[in-house]
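Residues per chain, in single letters:
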Amino acid sequence: MPLIEVLADMEMAGVKIDLSLMNILSEELGKELSALVKRIYFLAGEEFNINSPKQLQEILFQKIGLRTIKKTKTGFSTDVDVLEQLSLEHELPKEILEHRTLSKVKSTYVDALPRIVNHKTGRLHTSFNQTITATGRLSSSEPNLQNIPIRGKWGQRIRQAFTAEKAHLLLSSDYSQIELRVLAHFSRDKGLIEVFKKDGDIHTRTASELFGVAPENVTTEMRRMAKTVNFGVIYGISPFGLSRQLGIAHDEAKLYIDTYFAKHSGVRNYVDKLISETSETGYVSTIFNRKRAIPELLSTNRNTRHLGERLVINTPIQGSAADIIKLSMLNIQKRLKKEKLGTRMLLQVHDELLFEVPEKEKDRAESLVKEEMENAVELNVPLKVDIGIGRNWAEAH
DNA sequence: GTTCTCACG
DNA sequence: ACGTACGTGAGAACT
Ligand SMILES: [Mg+2]
C-alpha cells in the first residue's frame, strides 16, 4: 500500500482547534507585547520597528555601542545567541528576546492558525509533502503542523488548543531516541547496543564515560553536556561546532569528542568506513535502501567537503528513522481498518504520531500503536515507544 | 524574491 | 588557514 493513501486520510481528517482558547491567548499576548514595546522604547531612548533587524542593529551597535558578535551577509547578526550574550551587558537585549518569543508565537501560530480553520470541518488541514526533503522525511505545509511550539509556557498553552472531538481523546506516541538506536544498529557499537538493550539512559551513560564518574554521580549539567555530544555525533561532530554549542573552549570540546570515540570505537570505525566508501560510490543509503547522492564530498572547497562528511553521517540515520516511522504508519493504518476501529491518525512529527481516539477504544488503540511502532523493523537494539493520552496535545505528552 | 530570524524533530 | 552542527516552513522587513 502506498503511503500517500495514509497521508491523504490524515490530511482529510484534520485536527480540531479550540478557537476560543486561541482568542484568549491572542489577547494575552497582545497585552504582554504592548508592555514590552514600551519598555523597549524607553531603554532604546526612541521608537523604532523592533521586528526590523536592520533598525535593531543601529540601536544596539551604533546608538548604544554594544559589541558586534557575528556577521550576516548584509550586516551584524541580532539572533538569539547574540542577544543572549549582549544580555549580560545591557537590559535591552533581554527585553528584545522576550519580544521576539512572544511575537513569533502570536504571528506564526496564535493569530495565523485560526484564520485557516476549514469552515466545513471546523478543523485544521495540513499538507504532508513526500518529495521535499533530502533525507526521506516528510514535510508539512500550509500550515506547517510539524513545528507547533512545545517548549515553555506558551508552547504548552498553544498545544492545549489542539483538542479532541467530543467523546474522543488525543493519543501521542513517540519513538524514544530512535536516531541513536539507528546509529547503534548501523555501527554495531558495543557500548551503544548494551545501553539500549538494558533500556538505560543514553545521555547519563555518555556523561558517565565523558566525565569518568559512575552513572549515579552524573549531575544534571554533565548529562546536559553529554546530550549535546550525542546530538553532535548524529550531526557529524567537530570540536569547533561542539565548543560553540556548549560555550566551552575548543580544547575541552576536542577532549570530549576524543573521549567519546575512544569509548565508542564501533562508531568511529563505522563513520570512517562510511566516509571512505561514499567517496567511491558517491551516495549513502538508508535501512530500506533510500539513496542520497553526496556530491559535496568531492568538492574542491574544504567547507563544502566537510559539509559532505556531515551529510554522509547524518543522512542514513535521519533517513532510516524516517523509513521506519513511515512503515509503522502503513501497518497501523491497515490494522485500524481491518479491526474496524474508529481511531484516526492525524499528524506525523518525525518521531511522533498523533491520533484521535474514541474514548472507549483508548486501551486497544494504545496497544495496537505501540506494538506496530516498536515492531516496524527488527534492529539489533529494541525500538521503544512512549505513549500519552489526554484531552489535548499538551496533556497527551 | 531575498534575507533574517525562529518554531519544531 | 579555513569556519559548521542535520532536516524543515513561515512571518516580517526590505529590495
Ligand atoms: Mg522522542
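Residues numbered from 1 in each chain as written. Chains lettered and ligands numbered in written order. Predicted model: local features only at pLDDT ≥ 70, side-chain atom pairs only at ≥ 80, totals over all residues. Heavy atoms only, no water.

1. Some remarks on the pattern of salt bridges
What counts here: Salt bridge criterion: a side-chain nitrogen from Lys or Arg within 4 Å of a carboxyl oxygen from Asp or Glu. When accessible area is computed with a 1.4 Å probe and restricted to protein chains, residues below 20% of their type maximum are described as buried, those above 50% as exposed, and intermediate ones as partly exposed.
Under the definition given, this model contains 31 salt bridges. In this structure, K106 and D111 form a salt bridge, with 2.8 Å as the shortest nitrogen-oxygen distance. Per residue, the accessibility class of K106 equals that of D111, and both read buried.

2. Here we look at the environment of K54
What counts, and what does not: Where helices and strands are cited, they refer to DSSP runs of H or I of at least four residues and of E of at least two residues respectively, numbered from the N terminus.
With respect to the helices and strands, the residue K54 is situated in helix α3 (residues 53–63). Between the alpha carbons of K54 and H350 there is a distance of 35 Å; along the sequence they are 296 residues apart.

3. Overview of the confidence of the model for chain A
Going by this rule: On a scale of 0 to 100, pLDDT captures the predictor's confidence in every residue.
Looking at chain A as a whole, the pLDDT averages 97, with 100% of positions reaching at least 70. For this predicted complex, the interface confidence reaches an ipTM of 0.94, while the overall pTM sits at 0.97.

4. Digging into helix α16 (residues 362–374)
Here is the rule: Here the expected length of a helix is defined as 1.5 Å per residue gap, with one fewer gap than residues. By definition, the arc is the one covered by directions from the helix axis to the C-beta atoms. Should any heavy atoms of two residues lie within 4.5 Å, those residues are counted as being in contact.
Taking 1.5 Å of rise per residue, the 13 residues of α16 would be expected to cover 18 Å, and the 18 Å separating its terminal C-alpha atoms lies within 8% of that figure. Along α16, the residues that are buried comprise A365, L368, V369, E372 and M373. In a view along the axis of α16, the buried residues occupy a sector of 115°, so they form one face of it. Summarising the contacts, the buried residues of α16 are in contact with β6 (168–175), α15 (302–338), β10 (352–358) and β11 (385–390).

5. Observations concerning the domain arrangement of chain A
Many analyses report the size of an interface as the accessible area lost when the parts associate. Applied cut-off: Throughout the structure description, domain borders are defined by an automatic or database domain assignment. When two components associate, each loses some accessible surface as probed by a 1.4 Å sphere; the sum of these losses over both components is called the buried area. Pairs of N or O atoms within 3.5 Å make up the polar contacts considered here, provided that, within protein, one atom can donate a hydrogen while the other can accept it, and that residues adjacent in sequence are counted only when both atoms are side-chain atoms.
For chain A, the assigned domains read domain 1 (1–17 + 122–178 + 290–295 + 316–396), domain 2 (19–116) and domain 3 (179–289 + 296–315). When each unit is reduced to the centre of its C-alpha atoms, the spacing between domain 1 and domain 2 is 33 Å. Contacts between domain 1 and domain 2 engage 13 residues on the former and 13 residues on the latter. At the boundary of domain 1 with domain 2, total buried surface from both sides reaches about 1,300 Å², with 75% on carbon and sulfur atoms. For the pair domain 1 and domain 2, the number of links is two salt bridges. The shortest N-O distance in the salt bridge between R157 and E28 comes to 2.8 Å. Counting across the interface, domain 1 meets domain 2 through three residue pairs in polar contact (both at pLDDT 80 or more).

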